[in-house]
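One letter stands for each residue in the lines below.
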Amino acid sequence: MNRVRTTLERVLITVVFAATTASLAAQTNKPEAAIQDAGSADPAALARAYPTKPPYSPYAGRSFPTRPLFGDTHLHTSFSMDAGAFGARLGPREAYRFARGEEVLSSSGQPVKLSRPLDFLVVADHSDGFGFFPQLMSGDPELLATPQGRKWYDQIKSGHGADAALDIIVSFSNNKLPKGFPLPGTRAYRSAWQEEIDAAEAFNDPGRFTAIIGYEWTSNTGGNNLHRNVLFRENGAKAGLVEPYTTLPPLGSDNPEDLWKWMAATEEKTGSEVLAIAHNGNLSNGIMFPMVEAFGRKIDRRYAETRIKWEKLYETTQTKGDGEAHPFLSPNDEFANFEKWDKANLDGSVAKTKEMLQFEYARSALKNGLKLESVLGVNPYKFGLIGSSDAHNGLAAMEEDNFFGKTAPQEPSPERLTKTFMSNPRTGVTIKDWEVSASGYAAVWATENTRAAIFDAMQRRETYATTGPRMIVRFFGGWDFQPADAKNRMPAAIGYAKGVPMGGDLSDAPAGKSPTFLVAALKDPIGANLDRIQVIKGWLDAKGELHEKIYDVAWSDANNRKPGANGKLPPVGDTVDVDNASWTNTIGDPELIATWKDPTFDPRQRALYYVRVLEIPTPRWTAYDAKRFGIKPLPGTAMKLQERAYTSPIWYTP
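All of these numbers come straight from a predicted model, not from anything done at the bench. (Residues numbered from 1 in each chain as written. Predicted model: local features only at pLDDT ≥ 70, side-chain atom pairs only at ≥ 80, totals over all residues. Heavy atoms only, no water.)

1. Observations concerning the overall build of the chain
Broken down by element type, the chain carries 16 helices and 30 strands. Since a compact globule built from 654 residues should have a radius of gyration of about 26 Å, the 28 Å found for the chain is in line with a globular shape. C-alpha atoms of the chain, sized along the principal axes, occupy 100 × 80 × 50 Å. Taken over 654 residues, the chain has a buried fraction of 55%. Counting only carbon and sulfur atoms, one obtains 55% of the accessible surface of the chain, whose full area is about 27,800 Å². Treating the 75 positive side-chain charges of the chain as one cloud and the 78 negative ones as another, the clouds have centres 3 Å apart. (Helix = DSSP H or I, 4+ residues; strand = E, 2+ residues; numbered from the N terminus. Rg over C-alpha atoms; globule rule 2.2 N^0.38 Å. Buried < 20%, exposed > 50% of the residue type's maximum accessible area, 1.4 Å probe, protein only. Areas by Shrake-Rupley, 256 points an atom, 1.4 Å probe, with all protein chains shown as cover. Lys, Arg positive; Asp, Glu negative; His and termini not counted. Charge placed at Lys NZ, Arg CZ, Asp CG, Glu CD.)

Quick look at the structure:
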C-alpha cells in the first residue's frame, strides 16, 4: 500500500514539475525540450559538441571512395568448354594468381606477368559444360565409357586435339552430348562448380585482392549473342547452395527472363544478392536491347522493372569489339568508329544490317531507354558502364604491349597477325586475329576492396569502362558547380558535397537553373597523356524524338587548340612510330579537369549525360607484334588507336 501511494505521489510530483517547467519555459521564452535527462542544454556546450568549422585534417570523416579499383568481371579458364577445346590449360587458380600480380606460364608455354596487379577478378566460366575439359583430360571413367567421350580423349592424346575440339563444339551446338557430360545435378558438374568456388575463396584477400564468385550464362540461339555474366555478392558457402543456370533445355533456357527468375530464386535460397552483366550487343543482331518485344512477348512495364532490377551494368568494351557507339548511328561523332565488330552475329551465320544497329550499342540503348521510360514509367536500360576482357586463356592481360590474346591459339606468336579468328563458309563472314581488341577493364569506385563494397558500387553504377589503361576518371552532376570547383585539388570532396557521382540521378530542376557537371581525369601513371574529356548528352524531346550531342569540355594543349567554325576541336596530334611501336608524351596533358553547364537544357525533357575520356594516339598491339616478330601486317590492319574510358551516365528525370 505504501509502495502504491509512493508511486502515485511520484506521478503527481512529475506532473506538477512538468507543468511548472513548462510555465517557466514559456515565461522565459526557453524551449521546453532544452531540459532532458542529461540536464539543461547549454548553447555553449552544444556549440562545442557541434563545431561549425570542419576538422583541421581535410581527410578526417571522409567516407566516399577515394580511388578506383580496376578488375575484370569476365575471364574464362580451362573450365569453359570452348576455352579448353582451344587449348587453354590455366584453371581458375592460375587465373587468380596472374590477376594479383604473379608471373605464370601461359597455355602456350610463355612466361607472362601484368605490369601491375589487378584489384579484383571474376572467373566467369560458361555454365554450359562447366569443367568439361578438365574432366575429359583427366580421363574421367564415366565420360570415357561413352563412345563419344572415348573418341575425343583418344584424339587429343594422339595429337589430333584440333579435330576433337571442333567435334566437341559442333556436338554442343546441336545439343548432342554424351552421357557423362557435366550437366547441373551431376557429380562432375557439381565438382567443377565447387572447385571454381574453392579457388575464389582461396584467393579472396579482403583489402588487398577480391575474388568474386561468378559464371557466364551463354544464350546463343541462332548465333545471336545474349550472354550475361552472373556475380554473387557473398561467399562460397552461399554460392555453393546453388548450381549455375544453363541454356540448354530441359534444365536451362536461352531466354533472359528465365535467367532473371533463376536469380530471384537464388537470392531467396542463398541469401546472397546477385547481378547480371550483359555484353556484346554488337553480336546480337538487333535483339540485345529490344524496344517492342522479346522472345515473342511485348515489352511492358513488368519487363522493364525486372530487367533493370537485375541488370544495372553493361559491359561496353571487350576483346570482341567496342560497343559504346557506332558511326552509322552517330555520324557526327568522329571517334565512334573504334574497334568495331559489326559484320554479323556471334557465329557469323547471319550478316548484319543497318536496321539492327540501334538495338545493339550502349549509347542508342541508353537513349531508347528514355523513350521507353516515357511510355512505361520505368527505364529498362538505365545501366552503368564497365569493360572487361572475355579472354579465354585465363589471362586478363589487356595492355597493348602485353596482350596475350583472346584464346590460347592467339597468344603471342609470329602467326597471329595474319591468321583467321573465325570464318563462316556459308555467309563468308570472316574475323581476322588482328581484329581482336586488347580491351578492357572495369573501374569501380568502391569504398574498400571487398566483395560487398565492389558489388554495392556496381549496384549503384559508380563505375566506368576502360579499354585497357588505368586512367582515373571522376564525373559529378548537380545544380551549383562553379568554375572555381575545377581549381580545387580535392574535386571528389566538392563533387559528393554538391552533386551526385556517375550512375546517379538528377530531378526537380530548380527554377532557371541548368545542370552543371564537374569532370576530371588523370592519366594512367605508366600510360599515355590525355587528349580530351567529352560529355555525351542524349535526350528525348517533346515530340518523342531522340537526340544526342557531344561536347568537348576539357582538352590538352589548350593554348594551341581552339574549336573551329564547325565547333570541332582539332586533333591532338600523333607521335606514334608504328615501325618501332613507340610514342612520346610530348603532346597531350597528364590531367584534365573542368566544370560544364548544359547550354540547351529543357527541364521538361528527359536526358542523360556520360563522359568519354580519350588518350593521345598510341601503338596498337598489332604494331608491337609486327616489330617483335618482323611480320608485315595484312592490308587494312589497324596499327594505332586512341584508348579511352566511358563513365556510367547521370540521368535527369523531370
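From this point on, the discussion continues.
2. A look at the pairing of strand 19 (residues 472–478)
Across the seven residues that make up strand 19, a large majority, six, are buried. As defined by bridge partners, strand 19 adjoins strand 22 (residues 516–522) across seven bridges and the pair is classed as antiparallel. In the strand pairing of strand 22, Val-473 is matched with Ala-521. Strand direction decides the pairing type here: strand 19 and strand 20 (residues 499–501), joined by three bridges, are antiparallel. (Pairing = 2+ DSSP bridges.)

3. Brief notes about the confidence of the model for the chain
Averaged over every residue, the pLDDT of the chain is 92; the share at 70 or more is 94%. Low pLDDT (under 50) marks residues 1–31, which in the prediction has four contacts with non-local residues, meaning those over four places away or in another chain. (pLDDT = per-residue confidence, 0-100. Contact = heavy atoms within 4.5 Å.)

4. Focus on the environment of Pro-147
Along the chain, Pro-147 turns up in helix 7 (residues 147–157). Pro-147 sits in the exposed class, given a relative accessible area of 71%. Taking the C-alpha atoms as reference, Pro-147 lies 83 Å from Ala-47; in sequence the two are 100 residues apart.

5. A closer look at the pairing of strand 15 (residues 420–423)
Relative to strand 16 (residues 430–432), strand 15 is paired through three bridges, and the arrangement is antiparallel. Considered in strand 16, the bridge of Ser-423 is made with Thr-430. Remark: six residues form the turn of the hairpin made by strand 15 and strand 16, two consecutive strands paired antiparallel; Gly-428 in that turn has positive phi of roughly 80°.

6. Comments concerning the packing of helix 11 (residues 256–270) against helix 12 (residues 301–310)
In helix packing, the relevant descriptors are the interaxial angle and the interaxial distance, both defined with respect to the helix axes. Contact geometry of helix 11 with helix 12 gives a least axis separation of 10 Å together with a crossing angle of 55°. If you check the angle between helix 11 and helix 12, you find them oblique. With respect to the hand of their crossing, helix 11 and helix 12 are arranged in left-handed fashion. Mapping the contact onto sequence places Glu-257, Trp-260, Met-263, Ala-264 and Glu-267 in helix 11 and Arg-302, Tyr-303, Thr-306, Arg-307 and Trp-310 in helix 12. Residues belonging to the contact of helix 11 with helix 12 are distributed by class as follows: five nonpolar, one polar and four charged. (Axes fitted to C-alpha atoms, helices over the stretch in contact; angles between N-to-C directions. Parallel < 35°, antiparallel > 145°, perpendicular 65-115°, else oblique. Left-handed = near helix turned anticlockwise from the far one by under 90°. Nonpolar A, V, L, I, M, F, W, Y, C, P; charged D, E, K, R; others polar.)

7. Some thoughts on the sheet that holds strand 22
Each strand in a sheet pairs with another by means of backbone hydrogen bonds, the pair being arranged parallel or else antiparallel. Sheet architecture is open: four strands sit in the order 20-19-22-25, paired in antiparallel fashion. Two strands lie at the open edges of the sheet, namely strand 20 and strand 25 (591–597), each paired on one side alone. Averaged over all pairs of adjacent strands, the angle between their axes in this sheet comes to 15°, without regard to strand direction.

8. So, the packing of aromatic side chains
For any pair of aromatic rings, the description consists of the separation of the ring centres together with the inter-plane angle of the planes. Inspection of the entire model under this criterion finds 29 aromatic pairs. Their ring planes at 85° and their centres at 5.9 Å tell us that Phe-132 and Trp-152 sit as a pair that is edge-to-face. Taken together, the residues Phe-132 in helix 5 (residues 132–137) and Trp-152 in helix 7 connect sequence positions 20 residues apart. On the basis of relative accessibility, which here comes to 0%, the residue Phe-132 falls in the buried class. Pairing Phe-289 with Phe-383 gives two aromatic rings, centres 5.5 Å apart and planes at 25°, and the pair type is stacked. Taken as a pair, Phe-289 in the loop between strand 9 (274–279) and strand 10 (293–294) and Phe-383 in the loop between helix 13 (362–376) and strand 14 (384–387) lie far apart in primary sequence, 94 residues in all. The residues Phe-289 and Phe-383 share a single accessibility class, namely buried. A connected cluster of aromatic rings, assembled from ring pairs, spans Phe-130, Tyr-189, Trp-193, Tyr-215, Phe-232, Tyr-245 and Trp-262. Between the NZ or CZ atom of Arg-470 and the centre of the ring of Tyr-441, over which it lies, the distance is 5.6 Å. Between the NZ or CZ atom of Arg-474 and the centre of the ring of Trp-445, over which it lies, the distance is 3.5 Å. (Phe/Tyr/Trp six-rings, centres within 6.5 Å; stacked < 30°, edge-to-face > 60°. Lys NZ or Arg CZ within 6 Å of the ring centre and 35° of its normal.)

9. Considering the pattern of salt bridges
Per the counting criterion, the structure on display carries 45 salt bridges. The closest approach of N and O atoms between Glu-373 and Arg-606, which form a salt bridge, is 3.1 Å. Taken together, the residues span a long stretch of sequence, with Glu-373 in helix 13 and Arg-606 in the loop between strand 25 and strand 26 (607–615) at a distance of 233 residues. Glu-373 gets classed as buried once you look at its relative accessible area, which sits at 12%. Ionic contacts of the salt-bridge type, sharing partners, join the residues Glu-324, Asp-333, Arg-363, Lys-367, Glu-548 and Arg-612 into one network. (Salt bridge = Lys/Arg side-chain N within 4 Å of Asp/Glu carboxyl O.)

10. Some points on the nonpolar core
By size, the foremost hydrophobic cluster in this structure holds 87 residues, and its most contacted members are Tyr-96, Tyr-215, Phe-232, Leu-259, Trp-262 and Phe-383. Among the elements that line this core, the one with the most residues is helix 9 (residues 187–203), at seven residues. Leave out the neighbours within four places in its chain, and Tyr-96 touches Leu-121, Val-123, Ala-199, Ala-200, Phe-203, Phe-209, Ala-211 and Ile-212. Core analysis: the next-biggest nonpolar cluster, separate from the first, contains 31 residues, Tyr-464, Met-502, Val-553 and Val-611 among them. (Core = buried A, V, L, I, M, F, W, Y, C linked by side-chain atoms within 4.5 Å.)

11. Some points on helix 9
If you check helix 9, its first and last C-alpha atoms are 24 Å apart, about what 17 residues at 1.5 Å a residue would give, namely 24 Å. Those residues of helix 9 that sit buried are Ala-188, Tyr-189, Ala-192, Trp-193, Glu-196, Ile-197, Ala-199, Ala-200 and Phe-203. (Expected span 1.5 Å × (residues − 1).)

12. A word on the side chain of Thr-146
Locating Thr-146 in the fold gives a position in the loop between helix 6 (141–144) and helix 7. Judged by relative accessible area, which is 9%, Thr-146 ranks as buried. Other than its neighbours up to four places away in sequence, Thr-146 contacts Pro-178 and Lys-179.

13. Concerning unusual backbone geometry
Excluding glycine, residues mostly carry a negative phi; peptide bonds, for their part, are mostly trans. Geometrically, the link from Pro-249 to Pro-250 is a cis peptide bond, its omega value of 10° lying close to zero. With respect to the helices and strands, Pro-250 occurs in the loop between helix 10 (236–239) and helix 11. A cis amide bond links Ser-439 with the next residue in sequence, Gly-440, at an omega value of 0°. Structurally, Gly-440 is set in the loop between strand 16 and strand 17 (441–444). One non-glycine residue, Arg-461, lies in positive phi territory at about 65°. In this fold, Arg-461 is placed in the loop between helix 14 (451–459) and strand 18 (463–466). Assessed through its relative accessible area of 10%, Arg-461 is described here as buried.

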